[in-house]
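Understanding the architecture of this molecule
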Amino acid sequence: MLVYYLQMLDTPGENAQFEQIYLKYRGLMYHVANNILHNRQDAEDAVHNAFLRLIKHFKQFQNTQDLAPQVAVIARNEAISLQRKQRGEAPLEEWDGLAETLEAVSDYHTLVDSFTHLPQTYRAVMEMKLLLGYSDGEIAARLCLSKTAVSTRISRGRQLLRNIVERKGFLLEA
């Protein structure tokens, strides 16, 4: 499969860099996709689609040291897309706790759908914080932001998510 991907890139330098990314992160990407889909073949399809998306936007990832958060999110999104196509719904993997203020939401699937409506600025930071378990400092380093900016985006993202959930008619317990 790697040979197929390498044919899609332009230069030998890109090929070498992509090969390193492929070998380093394919296991992580498979693990993320399989945790969502619970099916080996579907997880492999999701990882394949994730690598195709990575190639499509390869220039954005070329100068990044640790791609683990980005490739995990790409694999997760591809797995979710595949799951949506198969089931006609949009559930994400289970979260141990989205946030203390959102634990009482009565419909999990609607909450997940609400999370996908966040602006990308807040969504990326919140995915890294809530889904991948990164600290504010780790997020700041990976996204080249200050810790203050990360904390602000998390706070605003939680508020936006709370507003989206409330607009959909869910009751939140204080």
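Summarised in this report is the structure supplied together with it. (Residues numbered from 1 in each chain as written. Predicted model: local features only at pLDDT ≥ 70, side-chain atom pairs only at ≥ 80, totals over all residues. Heavy atoms only, no water.)

We now examine the overall build of the chain. Scanning the chain from terminus to terminus reveals 9 helices and 0 strands. When its helices and strands are written in sequence order, the chain yields α-α-α-α-α-α-α-α-α. When contacts within the chain are restricted to residue pairs at least 6 apart in sequence, those whose partners lie at least 24 apart make up 60%. (Helix = DSSP H or I, 4+ residues; strand = E, 2+ residues; numbered from the N terminus. Contact = heavy atoms within 4.5 Å.)

With respect to the helices, strands and loops of the structure, R162 is situated in helix α9 (residues 147–167). A distance of 2.6 Å separates a polar atom in the side chain of R162 from a polar atom in the side chain of Q159. (Polar contact = N/O pair within 3.5 Å; in protein donor to acceptor, adjacent residues only side chain to side chain.)

Once that is clear, we can look at a nonpolar patch on the surface. Together, M1, Y4 and M8 make up an exposed nonpolar region whose accessible area comes to about 320 Å². Residue position: M8 is located in the loop between α1 (2–6) and α2 (12–37). The class of M8 is partly exposed, set by a relative accessible area of 39%. (Patch = residues over 30% accessible without salt bridge, like charges linked within 9 Å, V, L, I, M, F, W, Y side chains within 5 Å. Areas by Shrake-Rupley, 256 points an atom, 1.4 Å probe, with all protein chains shown as cover. Salt bridge = Lys/Arg side-chain N within 4 Å of Asp/Glu carboxyl O. Buried < 20%, exposed > 50% of the residue type's maximum accessible area, 1.4 Å probe, protein only.)

According to the stated counting rule, one finds 4 aromatic pairs in the structure shown. Here the aromatic rings of F18 and F58 are separated by 5.9 Å at their centres, their planes lie at 65°, and the arrangement is edge-to-face. Linking F18 in helix α2 with F58 in helix α4 (residues 58–61), this pair joins segments that are 40 residues apart in sequence. F58 shares its class with F18; the two are buried. Between Y22 and F51, the aromatic rings sit 4.9 Å apart at their centres with planes inclined by 45°, giving tilted as the arrangement. You can see Y22 sitting in helix α2 and its partner F51 sitting in helix α3 (residues 40–56), a full 29 residues away along the chain. Among the aromatic residues, those joined into a ring-pair cluster are F18, Y22, F51 and F58. (Phe/Tyr/Trp six-rings, centres within 6.5 Å; stacked < 30°, edge-to-face > 60°.)

Our next topic: the nonpolar core. When a protein is soluble and globular, its nonpolar side chains tend to lie buried together. Within the largest apolar cluster, 38 residues are counted, with the highest numbers of intra-cluster contacts made by F18, Y25, M29, F51, L54 and I139. Among the elements of the structure, α1, α2, α3, α4, α5 (68–87), α7 (120–131), α8 (136–143) and α9 are those that each provide at least two residues to this core. When residues in this core are grouped by element, the largest group, 9 residues, is from α2. Look past the residues within four positions of F51 in its chain and what remains in contact with it is Y5, F18, Y22, R26 and M29. Listed in part, the 5 residues of the second largest apolar core include F115, L118, M126 and L161. (Core = buried A, V, L, I, M, F, W, Y, C linked by side-chain atoms within 4.5 Å.)

On to the packing of α2 against α3, then. At a minimum axis distance of 8 Å, the contact between α2 and α3 shows a crossing angle of 135°. Compared by their axis directions, α2 and α3 come out oblique. Classified by chirality, the crossing of α3 by α2 is right-handed. Together, F18, I21, Y22, R26, M29, Y30, A33, N34 and L37 of α2 and R40, D42, A43, E44, A46, V47, A50, F51, L54 and I55 of α3 make up the contact between the two elements. Of the residues assigned to the contact of α2 with α3, the class counts are 14 nonpolar, 1 polar and 4 charged. (Axes fitted to C-alpha atoms, helices over the stretch in contact; angles between N-to-C directions. Parallel < 35°, antiparallel > 145°, perpendicular 65-115°, else oblique. Left-handed = near helix turned anticlockwise from the far one by under 90°. Nonpolar A, V, L, I, M, F, W, Y, C, P; charged D, E, K, R; others polar.)

Everything listed is a geometric property; what it means functionally is a separate question.
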